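Coordinate analysis (summary)
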Amino acid sequence: MAGGKIRKEKASASASNRGPSNHYQGGVSFHKSKGQHILKNPLLVDSIVQKAGIKSTDVILEIGPGTGNLTKKLLEAGKQVIAIELDSRMVLELQRRFQGTPFSNRLQVIQGDVLKTELPRFDICVANIPYQISSPLTFKLLFHPTSFRCAVIMYQREFAMRLVAQPGDNLYCRLSVNTQLYARVSHLLKVGKNNFRPPPKVDSSVVRIEPRKPGPQVNKKEWDGFLRVCFIRKNKTLGSIFRQKSVLLMLEKNYKTLQAVLASLLNNGSSGETTFYSPMDLADQSMGIEDDDKEMDDDMEMDEEEGDGGETSDFKEKVMNVLKEGGFEEKRSSKLSQQEFLYLLSLFNKSGIHFT
C-alpha cells in the first residue's frame, strides 16, 4: 500500500460514523495516516506487472500487499509471491482471498515491519509502499546481501524524481548520487492520485531499480560521509563548503587519528583503540539517509570559514590543495557527476583525508 504522512481530513456527515480517515474495500477499512492507499485501477496494475518483466520462474517479493489486488496479478505471472504486510487485518484479508484457490500454495505472507524483517531470497521486488519508508526501504533493498534482478516500486512523485535526477536538475541531491552508484534507476510511469482508494494528496511514480553487478568497490560509510559534506549546500562551491570550521575540524580529527594509528603500527605492530569522526558529528548539518536528502535552506548561514593560524590553517591548506589539484574548488555538488565525486574522494583519500 502506498501513501504518505497525510493529515486527517474532516469526514462528511454521511461517513461520520466511520472515522475521519477510514475508507473501505471488501469490509476492510484503510487509514490514510498509516499510508494505506490501495491501487484500484486494474489497467494500471496490469501495466506495472508488465513493466516489471516477471518470468514464470521468479520468486517475487511484494511489500505492503494490502487486500491483494496487485498480489493476484503477481501470482499469475511468477512462481511464488512472498508478501510482507504490517497490518494484521490485511494479512487475514489476503489469506481469506486466496484460500482454496490455485494460488494458495504459492503465496507466503509474512506479518511484520519490512524495515525490521530479514528479507528472504527473491528475484524481483514489486511494491506499492507507504511513502514514509521510501528512503530506508530503498537502501535496505540495495544493500540486500542476496542478489536480485530488479525492484519496481511506487513512490511519491517528488521522491521518484530525486532518485532519477541528473547533474544540473533542480532535484539532484545526495539521494540521487547515492542510489545511482548502486543501481541503474529509470522512471517508468506517472500515476495520478485518483488511481488509489482513498486518494493521497500527491501524485505518484513507478520506478525501476536494477542493482549494478558487480557492485561498486567503495567503502559505504566513507562514501556516504563524503557526500554528506558535499551536499551540506549543494549550490555553494566546494571550496566554500570545505572551508567551514566544523568540516575542517572533523576531517582534521580523522587525519590525526589515522596518522597516530599508522605510527602505532610502525612502532608497536598494534593499532589499539581507534575513534574516527564522521559528518554525523556536524550536529544540525548532518543529513541521514532517512531524511529524503534535503539540503540546508539557502537562507541559513554557513559556519564561519576557519581563520589563519596554527595547525588547522596548515590542514586547511592541505584540503584546499586537494580541491585545486582536481579542479574542484569552484565547482558545485549540484553539477557534479558520479564519476567526478568518486574521483574527488580518491584524491582526498590519497592525501590521507577520510570522512568516517
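Where an unreviewed UniProt entry is consulted, the protein appears under the name rRNA adenine N(6)-methyltransferase, with the organism given as Cardamine amara subsp. amara. In its Sequence similarities (unreviewed entry) section, the UniProt entry covering the protein states "Belongs to the class I-like SAM-binding methyltransferase superfamily. rRNA adenine N(6)-methyltransferase family."

**Notes on the overall build of the protein**
Check the secondary structure of the protein and you find 11 helices and 11 strands. When each of the 356 residues of the protein is scored for burial, the buried share is 51%. Here the contacts in the protein between residues at least 6 apart in sequence split such that 72% fall between residues at least 24 apart. Surface accessibility of the protein: about 16,900 Å² in total, with carbon and sulfur atoms responsible for 47%.

**Focus: the UniProt feature "binding site: S-adenosyl-L-methionine" (unreviewed entry) in the protein**
Residues annotated by UniProt as "binding site: S-adenosyl-L-methionine" (unreviewed entry) correspond here to His-37, Leu-39, Gly-64, Glu-85, Asp-113 and Asn-128. Of the annotated set, the members that line the largest cavity are Leu-39, Gly-64 and Asn-128. Its place among the elements puts Glu-85 in strand 5 (residues 80–85).

**Regarding unusual backbone geometry**
Leave glycine aside and you will find that most residues have negative phi; peptide bonds, for their part, are mostly trans. The omega angle of the peptide bond from Lys-213 to Pro-214 is -5 degrees, so this bond is cis rather than trans. Mapped onto the elements of the fold, Pro-214 is located in the loop between strand 11 (204–211) and helix 7 (220–230).

**Examining the packing of aromatic side chains**
Ring pairs (aromatic) are described by centroid distance and by the angle formed between their planes. Enumeration over the complete set of coordinates arrives at 16 aromatic pairs. With centroids separated by 5.6 Å and ring planes inclined at 40 degrees, the aromatic side chains of Phe-231 and Phe-341 adopt a geometry described as tilted. With a gap of 110 residues between them, Phe-231 in the loop between helix 7 and helix 8 (238–241) and Phe-341 in helix 11 (residues 338–350) connect regions that are remote in the sequence. Relative accessible area serves as the criterion here: at 0%, Phe-231 is assigned to the buried category. By the ring-pair criterion, three or more aromatic residues cluster together here, those being Tyr-172, Trp-223, Phe-226, Phe-231, Phe-242, Phe-341, Phe-348 and Phe-355. Over the ring of Phe-143 we find Lys-220; its NZ or CZ atom is 5.2 Å from the centre of that ring. In this structure, Lys-331 is placed above the aromatic ring of Phe-328, and the distance from its NZ or CZ to the ring centre is 5.2 Å.

**With respect to the pattern of salt bridges**
The tally for this structure, following the rule as stated, stands at 15 salt bridges. Between Arg-89 and Asp-87 there is a salt bridge; the shortest N-O distance is 2.7 Å. Salt-bridge contacts for Arg-162 lead to Glu-158; the nearest nitrogen and oxygen are separated by 3.4 Å. Within this pair, Arg-162 and its partner Glu-158 are both found in helix 5 (residues 157–164), separated by 4 residues, close to a single helical turn. The class for Arg-162 is buried, based on a relative accessible area of 9%. By relative accessible area, Glu-158 is classed as partly exposed at 37%. Each of Asp-46, Lys-72, Lys-73 and Glu-76 takes part in salt bridges that share partners, so that together they form one network.

**Comments concerning empty space enclosed by the protein**
Under the definition given, this model contains 3 cavities of 30 Å³ or more. Lining the largest cavity are 12 residues, with Ile-38, Leu-39, Pro-65, Leu-70 and Asn-128 sitting closest to its centre. Residue assignment for the lining of the largest cavity shows that the elements contributing at least two residues are strand 3 (38–39) and helix 2 (69–77). Across the lining of the largest cavity, the residue classes tally to 5 nonpolar, 6 polar and 1 charged.

**What to know about the pairing of strand 8 (residues 150–156)**
With 6 of 7 residues buried, strand 8 is to be regarded as a mostly interior element. Relative to strand 8, strand 7 (residues 124–128) is paired through 5 bridges, and the arrangement is parallel. Pairing of Asn-128 across the sheet is with Met-154, part of strand 8. Assessed by its sense of winding, the connection that carries the chain from strand 7 through helix 4 (residues 134–142) to strand 8 is right-handed.

**Quick look at the sheet that holds strand 4 (residues 59–63)**
Spatially, the 7 strands line up as an open sheet ordered 6-5-4-7-8-11-9, and their pairing is mixed. Strands at the two margins of the open sheet, each flanked by one partner only, are strand 6 (107–111) and strand 9 (183–191). Put simply, the sheet's adjacent strands are angled 20 degrees from each other on average, direction ignored. Where strand 4 meets strand 7, 4 bridges bridge the pair, whose relative direction is parallel. Along strand 7, the bridge assignment pairs Leu-61 with Cys-125.

Calculation criteria
- Residues numbered from 1 in each chain as written.
- Predicted model: local features only at pLDDT ≥ 70, side-chain atom pairs only at ≥ 80, totals over all residues.
- Heavy atoms only, no water.
- UniProt positions renumbered as here; feature names shortened; annotations may be inferred.
- Helix = DSSP H or I, 4+ residues; strand = E, 2+ residues; numbered from the N terminus.
- Buried < 20%, exposed > 50% of the residue type's maximum accessible area, 1.4 Å probe, protein only.
- Contact = heavy atoms within 4.5 Å.
- Areas by Shrake-Rupley, 256 points an atom, 1.4 Å probe, with all protein chains shown as cover.
- 1 Å grid on protein atoms, 1.4 Å probe; cavity = no way out; pocket = protein on both sides within 12 Å on 5 of 7 lines; lining within 4 Å.
- Phe/Tyr/Trp six-rings, centres within 6.5 Å; stacked < 30°, edge-to-face > 60°.
- Lys NZ or Arg CZ within 6 Å of the ring centre and 35° of its normal.
- Salt bridge = Lys/Arg side-chain N within 4 Å of Asp/Glu carboxyl O.
- Points joined across faces, edges and corners; volume = space filled by probe spheres on them.
- Nonpolar A, V, L, I, M, F, W, Y, C, P; charged D, E, K, R; others polar.
- Pairing = 2+ DSSP bridges.
- Right-handed = clockwise from strand over helix to strand, strands pointing away.
- Axes fitted to C-alpha atoms, helices over the stretch in contact; angles between N-to-C directions.

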